[in-house]
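# Examination of the molecular architecture
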Amino acid sequence: MIELILIAVISLLAQLVLPWWSLAGVAFVICFLRSPNSGRAFLSGFAGVALVWLVYAFVIHSRTDGVFTGRMSELLFKTNTSALALLVTALIGGLVGGMAGVSGYFVKQATGNQTETRAASRSRS
């Protein structure tokens, strides 16, 4: 739960001044430092980023009275359903965050195993 909150807050702040893909770096680092397993790393990254993007898309939807999301939905999906545009936005952002999070966990596993192997080989010598 802490990972999810950290990813959501830090990625929100990072996207205010950095490009959209900075959220991947945030999810990677948080999951590298804190995640206990790969499933939790993916879910934390997915939920944290999807939540931020869903809220931001809803804010844009509210400010434009649904005109922007309706037009984007017509352009991309050939339907006038604004909810579909909001859900696809959250899904794409969530997948980027989830993949970055699980990558961070696996990099931790790869570097952690090398460190343990080196320490074990030094103690044997």
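Coordinates for the structure precede this section.
This text gives an overview of the structure that appears in the document. (Residues numbered from 1 in each chain as written. Predicted model: local features only at pLDDT ≥ 70, side-chain atom pairs only at ≥ 80, totals over all residues. Heavy atoms only, no water.)

Let us look at the overall build of the protein chain. Of regular secondary structure, the protein chain possesses five helices and zero strands. For the protein chain, the succession of helices and strands along the chain, N to C, is α-α-α-α-α. By the burial criterion, 31% of the 125 residues in the protein chain qualify as buried. Taking contacts inside the protein chain between residues at least 6 apart in sequence as the whole, the part at least 24 apart equals 72%. Summing over all exposed atoms, the protein chain offers an accessible surface of approximately 7,800 Å²; the carbon and sulfur share of this is 70%. (Helix = DSSP H or I, 4+ residues; strand = E, 2+ residues; numbered from the N terminus. Buried < 20%, exposed > 50% of the residue type's maximum accessible area, 1.4 Å probe, protein only. Contact = heavy atoms within 4.5 Å. Areas by Shrake-Rupley, 256 points an atom, 1.4 Å probe, with all protein chains shown as cover.)

Another point: the environment of Gly93. By the element assignment, Gly93 lies in helix H5 (residues 82-124). Taking the relative accessible area as the measure of exposure, Gly93 reaches 0% and is therefore buried. Sequence spacing of Gly93 and Val49 is 44 residues, and the spatial spacing of their C-alpha atoms is 5.9 Å. Apart from residues no more than four positions distant in its own chain, Gly93 is found in contact with Leu23, Val49 and Trp53.

With that settled, consider the pattern of salt bridges. When the charged atoms of two side chains with opposite charge come close together, those side chains can pair. Following the criterion strictly, the structure yields one salt bridge and no others. Here Arg40 makes a salt bridge to Glu3, at a shortest N to O gap of 3.2 Å. In this pair, Arg40 is assigned in helix H3 (residues 38-63) and Glu3 in helix H1 (residues 2-17), connecting sequence segments 37 residues apart. (Salt bridge = Lys/Arg side-chain N within 4 Å of Asp/Glu carboxyl O.)

Here we take up the side chain of Ser22. Position of Ser22 among the secondary structure elements: in helix H2 (residues 22-34). Among the polar contacts made by the side chain of Ser22, one reaches the main-chain carbonyl oxygen of Pro19 at a distance of 2.8 Å. Every residue in contact with Ser22, bar those within four places of it in the chain, is listed here: Ala14 and Gln15. (Polar contact = N/O pair within 3.5 Å; in protein donor to acceptor, adjacent residues only side chain to side chain.)

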